[in-house]
Amino acid sequence: MIRTACTAVLFSLALLPSSASAQEWARKMFKTTEHDFGNVARDATVEFAFELENLYLEDVHIAQVHSTCGCTTPRIEKELLKTYETGAIIAHVNTDRFLGRKGATLIVTFDKPYYAQVQLRVSAFICNDVVFDPGSVQFGTVEQGAPAEARVRVRYTGRSDWKILDVKHSNPHLSVQSVEAERQGGRVAYDLVVSMDGNVPPGYIRDHLLLATNDRARPQVPLLVEGSVVSGVVVSPASLFMGVVEPGQEVTKQLVVRGKQPFRIVSIDCEDPNFRFDTSGADTPKPVHLVPVTFLAGSAGGKISRTIRIQTDSGTITVPELPAYAVVTQSTAR
């Protein structure tokens, strides 16, 4: 028997009461609708992703998003979301043009499958005395297994005894060196050297460093860290939705496994035996493998959420785990 996930329920918006369909259906897709950045430096890259997931059978389309304040510029990561696809509304604080306490409401407008608006709120205090150059730690695109290094200069104007006491972070793959570069009158500068080791798994990196200072008014200032670690082997699509199926129905979709050099697929595994893989020709080295995936729906209805793991003969290159989903309709008595 297939186990179903109890954390999410897929349903059609057409079945919702009219009052719920008006606005609440859209708000339920967001993980959170508020974010406070706290103290941020002038010219720093300050962004937050309001993540959302389409929980419905219908496609969801984001028509537009606008801000009530010029201090924050929003953008849509992906306008059209199919069932179980995820996206985000990115809130970018314009620290280069505004100072002090700022707040904005982002109004997200949906036009499909029904009209709705969701309000997202952001706030921040933009410091005038601390400046980052550049505005964030940017590693860019890094090959898996390769270390990387980035530098940021921190400039402070104000107290002559201002210091960075520590640089805190929670990412075990990062290390930071803080070197005082200037102290003259009320001007202080530090050079931050941020290193990333070669053990970071493939994927997008978005973390923050917290600069602990001796300023009691603003003891911590965040600094954004971004980068992308790419594997030598990538899988498309990055998330596999098998569709909405009836009990006992079979459905087949295709994976594209692509590498920079010819490789073999050693194994494809899934904890659910109802997911089957056609690996014909996988033992022949080639840069692109096409792998049909077949799902057989069991008798239990609900959302099926599984993980597909692919191993190749490419040595230390790790293939990112692939989330796979399906929705099995409830059995009806006859």
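Caption draft 1: Quick look at the overall build of the chain. For the chain, the helix and strand inventory stands at 2 helices and 23 strands. Relative to its 334 residues, the chain shows a buried fraction of 44%. Considering only contacts within the chain whose residues lie at least 6 apart along the sequence, 69% involve residues at least 24 apart. Positive and negative charge centroids in the chain, built from 34 and 36 side chains respectively, lie 3 Å apart.

Caption draft 2: A look at the sheet that holds strand β9 (residues 137-143). The 4 strands lie next to each other as β9-β15-β14-β11, forming an open sheet whose pairing is mixed. Two strands close off the open sheet at either side, each with one partner strand: β9 and β11 (164-168). Across the sheet, the axes of successive neighbouring strands diverge by a mean angle of 20°, strand direction being ignored. Relative to strand β14 (residues 203-213), β11 runs antiparallel, the two being bridged by 4 bridges. Within the sheet, the bridge partner assigned to Lys168 lies in β14 and is Leu210.

Caption draft 3: Spotlight on the pairing of strand β3 (residues 60-67). One ladder, built from 2 bridges, connects β3 with strand β5 (residues 80-81); its direction is antiparallel. Note that in β5 the partner of Val60 across the bridge is Leu81. As judged from the 6 bridges shared by β3 and strand β7 (residues 100-112), these two strands associate in the antiparallel manner. Bridge pairing links Ser67 to Leu106 in β7.

Caption draft 4: Fine view of the sheet that holds strand β23 (residues 322-328). Reading across from one edge, β17-β23-β22-β19 is the order of the 4 strands in this open sheet, with mixed pairing throughout. At either end of the open sheet lies a strand with only one pairing partner, and these are β17 (240-245) and β19 (265-270). Taking the axes of each pair of neighbouring strands and ignoring which way they run, one obtains an average angle of 20° across the sheet. Sheet topology places β17 next to β23; 4 bridges connect them, and they run parallel. Directly across from Phe241, in β23, lies its bridge partner Tyr325.

Caption draft 5: View of unusual backbone geometry. For the bond running from Lys112 to Pro113, omega is 0°, close enough to zero to count as cis. Inspection of the secondary structure puts Pro113 in the loop between β7 and β8 (116-133). The residue after Asp133, namely Pro134, is reached through a cis peptide bond having omega -5°. Along the polypeptide, Pro134 turns up in the loop between β8 and β9. In this structure, Tyr84 is a non-glycine residue whose phi angle is positive, near 70°. Along the chain, Tyr84 turns up in the loop between β5 and β6 (86-93).

The rules behind these values
- Residues numbered from 1 in each chain as written.
- Predicted model: local features only at pLDDT ≥ 70, side-chain atom pairs only at ≥ 80, totals over all residues.
- Heavy atoms only, no water.
- Helix = DSSP H or I, 4+ residues; strand = E, 2+ residues; numbered from the N terminus.
- Buried < 20%, exposed > 50% of the residue type's maximum accessible area, 1.4 Å probe, protein only.
- Contact = heavy atoms within 4.5 Å.
- Lys, Arg positive; Asp, Glu negative; His and termini not counted.
- Charge placed at Lys NZ, Arg CZ, Asp CG, Glu CD.
- Pairing = 2+ DSSP bridges.
- Axes fitted to C-alpha atoms, helices over the stretch in contact; angles between N-to-C directions.

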